[in-house]
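Close look at the chain arrangement
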Amino acid sequence: MKELILFCAVAAVFVLCGFILKKMGTFFESDKNAPPKKPEKPVLSIAFEHTEEVSFLNELLEHFSQRSPSCELNLFYGSPGEIRRQIKNGKIDLGFIRKDPALEPDESFHSFHFVLDENVVACEPVGLPVIPLCHKNFFMNAIWKKNSTNPQVSLFINQLKSEYYRNPSI
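Below you will find a few notes about this structure. Note that the coordinates shown come from a computational prediction; the quantities given were computed from them, not determined experimentally. (Residues numbered from 1 in each chain as written. Predicted model: local features only at pLDDT ≥ 70, side-chain atom pairs only at ≥ 80, totals over all residues. Heavy atoms only, no water.)

Next up on the list: the packing of aromatic side chains. One pass over the structure, following the stated rule, counts five aromatic pairs. Pairwise contacts between aromatic rings join Phe48, Phe64, Phe96, Phe112, Phe114 and Phe156 into one cluster. (Phe/Tyr/Trp six-rings, centres within 6.5 Å; stacked < 30°, edge-to-face > 60°.)

What follows covers the packing of helix H3 (residues 58–67) against helix H5 (residues 151–163). Close contact between H3 and H5 brings their axes to 10 Å; oriented N to C, the two are set at 130°. As judged from the angle between their axes, H3 and H5 are oblique. Read as a crossing pair, H3 and H5 show a hand that is right-handed. Only Gln152, Leu155, Phe156, Gln159, Leu160 and Glu163 of H5 make contact with H3, whose side of the interface consists of Leu60, Leu61, His63, Phe64 and Arg67. (Axes fitted to C-alpha atoms, helices over the stretch in contact; angles between N-to-C directions. Helix = DSSP H or I, 4+ residues; strand = E, 2+ residues; numbered from the N terminus. Parallel < 35°, antiparallel > 145°, perpendicular 65-115°, else oblique. Left-handed = near helix turned anticlockwise from the far one by under 90°. Contact = heavy atoms within 4.5 Å.)

Before going further, it helps to examine the nonpolar core. Within the largest apolar cluster, 23 residues are counted, with the highest numbers of intra-cluster contacts made by Ile46, Leu57, Phe96, Phe114, Leu116, Phe156 and Leu160. Only strand E1 (43–48), H3, strand E3 (94–98), strand E4 (109–117), strand E7 (137–145) and H5 provide two or more residues apiece to this core. Residues within four places of Leu160 in sequence aside, it is in contact with Leu60, Phe96, Phe112, Phe114 and Ala142. Ala47, Ile83, Ile87 and Ile92 belong to the second-largest nonpolar core, a separate cluster that totals seven residues. (Core = buried A, V, L, I, M, F, W, Y, C linked by side-chain atoms within 4.5 Å. Buried < 20%, exposed > 50% of the residue type's maximum accessible area, 1.4 Å probe, protein only.)

Bringing H3 into the picture now. Taken residue by residue, H3 has Leu60, Leu61 and Phe64 as its buried positions. The buried residues of H3 occupy one face: seen down the axis, they fall within an arc of 100°. Those residues of H3 that are exposed and angled more than 90 degrees off the buried face are Glu59 and Gln66. Check the buried side of H3 and you find it contacts E1, helix H2 (52–56), strand E2 (72–77) and H5. (Arc of directions from axis to C-beta.)

Further remarks concern the environment of Val153. Looking at the element boundaries, Val153 is found in helix H5. Residues Val153 and Ser45, 108 residues apart in the sequence, show an inter-C-alpha distance of 9.0 Å. For Val153, the contacting residues outside a window of four places in its chain are Leu44, Asp93, Trp144 and Ser148.

Working definition: two side chains of opposite charge can pair if their charged atoms are close together. Within this structure, the stated rule accounts for two salt bridges. Of the charged contacts, one joins Glu53 and Arg98 as a salt bridge, the two residues approaching to 2.9 Å between their closest N and O atoms. Here Glu53, found in helix H2, pairs with Arg98, found in strand E3; they are 45 residues apart in sequence, far enough to count as distant. The buried category is assigned to Glu53, whose relative accessible area is 0%. Between Arg85 and Glu82 there is a salt bridge; the shortest N-O distance is 2.9 Å. Here Glu82 and Arg85 lie together in helix H4 (residues 80–89), a separation of three residues that amounts to about one turn. Assessed through its relative accessible area of 31%, Glu82 is described here as partly exposed. (Salt bridge = Lys/Arg side-chain N within 4 Å of Asp/Glu carboxyl O.)

Sheet architecture is open: five strands sit in the order E2-E1-E3-E7-E4, paired in mixed fashion. Each edge of the open sheet carries a strand with a single partner, namely E2 and E4. Neighbour-to-neighbour, the strand axes of the sheet open up by a mean angle of 20°, direction not taken into account. By the bridge criterion, nine bridges tie E4 to E7 in an arrangement that is antiparallel. Each residue of the ladder has a partner; that of Phe112, found in E7, is Ala142. (Pairing = 2+ DSSP bridges.)

The structure is reproduced here in structure tokens:
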């Protein structure tokens, strides 16, 4: 009789464990099918052809940071060819290169052309302003991938367009 009671108790424990494992499997399977979680902090990666362009666009970067305080800005610099490659590979979201009139437009990019005024640059190591000897303007080209999925790119470009007018003859 003791053996029968012990056998029934062991069988009940096995049935209970099987029921618990089945419920856990259902729970983990439903969690696996859930959509992936979005990253907590949005990031915008911007590359510049020349480092002084960061200073020229400082106000734009500050305004964007104020409008999107949770967005992390990553700034890089490199050659125009490298910037284009990095945008195509998805490592950079947006690039600023000086407009070369001889360069054919690339159909895989959106672009926005604008005129940038050379202005006073602060020399950080000594804390003094560096003033250009002659005032000049130069054409800039903001480029980004046509099928960009980063919503921060659209926000930044909209702000850029509102601060700089587009000249259709460029």
